[in-house]
Amino acid sequence: MTKLLLIVVSTLFASSSLASVELPSLPYAYDALEPVIDAKTMELHHVRHHGAQVTGLNAEYEKNPSLAKLSLEALLGSISTLPPAVRNNAGGHYNHSLFWTVMAPEGEGGEPSESLLAAIRRDFGSMNSLQTAFAAAAATRFGSGWAWLIVDEDGKLKVTSTANQDNPLMDVVEDRGTPVLGLDVWEHAYYLNYQNRRSDYIVAWWKIVNWHEVNRRFASAVGQKGQDHDAAH
Ligand code: MN3
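Here's a quick rundown of the structure.

Cut-offs and rules
Residues numbered from 1 in each chain as written. Predicted model: local features only at pLDDT ≥ 70, side-chain atom pairs only at ≥ 80, totals over all residues. Heavy atoms only, no water. Helix = DSSP H or I, 4+ residues; strand = E, 2+ residues; numbered from the N terminus. Buried < 20%, exposed > 50% of the residue type's maximum accessible area, 1.4 Å probe, protein only. Contact = heavy atoms within 4.5 Å. Areas by Shrake-Rupley, 256 points an atom, 1.4 Å probe, with all protein chains shown as cover. Phe/Tyr/Trp six-rings, centres within 6.5 Å; stacked < 30°, edge-to-face > 60°. Core = buried A, V, L, I, M, F, W, Y, C linked by side-chain atoms within 4.5 Å. Donors = N, O, S within 2.8 Å, 3.2 Å for Na, K, Ca; no water. Axes fitted to C-alpha atoms, helices over the stretch in contact; angles between N-to-C directions. Parallel < 35°, antiparallel > 145°, perpendicular 65-115°, else oblique. Left-handed = near helix turned anticlockwise from the far one by under 90°. Nonpolar A, V, L, I, M, F, W, Y, C, P; charged D, E, K, R; others polar. Expected span 1.5 Å × (residues − 1).

**Points about the overall build of the protein chain**
So, step 1. Across its full length, the protein chain carries nine helices and three strands.
So, step 2. For the protein chain, buried positions account for 45% of its 233 residues.
So, step 3. Contacts in the protein chain between residues at least 24 apart in sequence constitute 66% of all its contacts with a sequence separation of at least 6.
So, step 4. Accessible surface, the protein chain as shown: approximately 11700 Å² in total, 54% of it carbon and sulfur.

**Notes on the packing of aromatic side chains**
So, step 1. Using the criterion set out here, one finds nine aromatic pairs in the structure.
So, step 2. Between F99 and W146, the aromatic rings sit 5.5 Å apart at their centres with planes inclined by 90 degrees, giving edge-to-face as the arrangement. Here W146 lies in strand β1 (residues 145–151) and F99 lies in helix α4 (residues 84–101), a separation of 47 residues in the sequence. The two residues F99 and W146 agree in class, both being buried.
So, step 3. Clustering of aromatic rings is evident, with ring pairs tying together F99, W100, W146 and W148.

**Here we look at the nonpolar core**
So, step 1. Counting residues in hydrophobic clusters, the biggest one holds 61 residues, and the most contacted among them are M103, L183, Y201 and W205.
So, step 2. Those residues in contact with Y201 that lie beyond four places of it in its chain are I37, F99, L183, D184, V185, A189, Y190 and Y194.

**Remarks on the coordination of the manganese ion**
So, step 1. Protein-derived ligands of the manganese ion are H45 (NE2), H96 (NE2), D184 (OD) and H188 (NE2), with the metal-ligand distances lying across 2.0 to 2.2 Å.
So, step 2. When the donor residues of the manganese ion are listed from N- to C-terminus, their spacing reads H-x50-H-x87-D-x3-H. Remark: D184 occurs in strand β3 (residues 178–184) and H96 occurs in helix α4; sequence separation between them is 88 residues. With respect to class, H96 is no different from D184; both count as buried.

**A few points about the packing of helix α5 (residues 114–124) against helix α6 (residues 127–140)**
So, step 1. Packing of α5 against α6 brings their axes to within 8 Å, and their N-to-C directions diverge by 70 degrees. With respect to α6, the axis of α5 lies roughly perpendicular. The element α5 and its partner α6 pack so that their crossing is left-handed. Where α5 approaches α6, its residues L117, I120 and F124 are matched on the opposing element by M127, S129 and L130.
So, step 2. Split by residue class, the contact of α5 with α6 holds five nonpolar, one polar and no charged.

**Observations concerning the environment of Y61**
So, step 1. One can find Y61 in helix α2 (residues 39–63).
So, step 2. A C-alpha to C-alpha distance of 7.0 Å links Y61 and S20, two positions 41 residues apart in sequence.

**Describing α4**
So, step 1. Between its first and last C-alpha, α4 extends 26 Å over 18 residues, near the 26 Å set by a 1.5 Å rise per residue.
So, step 2. The complete set of buried residues in α4 reads V86, N89, A90, G91, G92, H93, Y94, N95, H96, L98, F99 and W100.

**Comments concerning the environment of L98**
So, step 1. Looking at the element boundaries, L98 is found in helix α4.
So, step 2. When its relative accessible area of 2% is taken as the criterion, L98 is described as buried.
So, step 3. In the structure, L98 is positioned 116 residues away from V214 in sequence and 9.9 Å away in space, judged by C-alpha atoms.
So, step 4. Those residues in contact with L98, other than ones at most four positions away along the chain, are W148, P179, L181, G182 and R217.

Dropping the structure here:
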């Protein structure tokens, strides 16, 4: 009887705690991405920038508890109906959570899967052309924002960019789709090391892409769950 009560009580608490998000811990140490991204940048970026968005999103959930019942993806999909603070904080939380996972220490990120490579050749011609298109999107994003590799509604790969903390899941952006790779091109992401040389950061960043995670996201986006997963993941 006591046990049952405990289960009931803990279930109640579990569902009421839905109304908050937490800052995810990084899957590597702050200095693990050096020299491409320095430890100080990673720490400030994670704790202060992403941390502030987590706090900000939780504050919005408190103001409007019905928002917390939606998945983050569903929330982003109806962002046009929501206040700007939700757009910035929910976008920032989603974007940074993705960003940390699509990076890995140099030499540990593996390679693109066969099916991802095939899609890259089909939609861009080659990996080189994809990287050129991605660099152009990242370099020409004026001010702050993100560059993305997405799977669009037709299952095609596409390179896009968004301003501020917007992302391709939002119903306010031109090119919508499921992000499989994202690069933060806000100055806070690279300025300590690269200053104004954003394009050097963009080129160096490919060395720390975590293809294990990109492969997983791609397979999930095109509905091949479990079929073409990188064995190492
Ligand atoms: Mn950032």
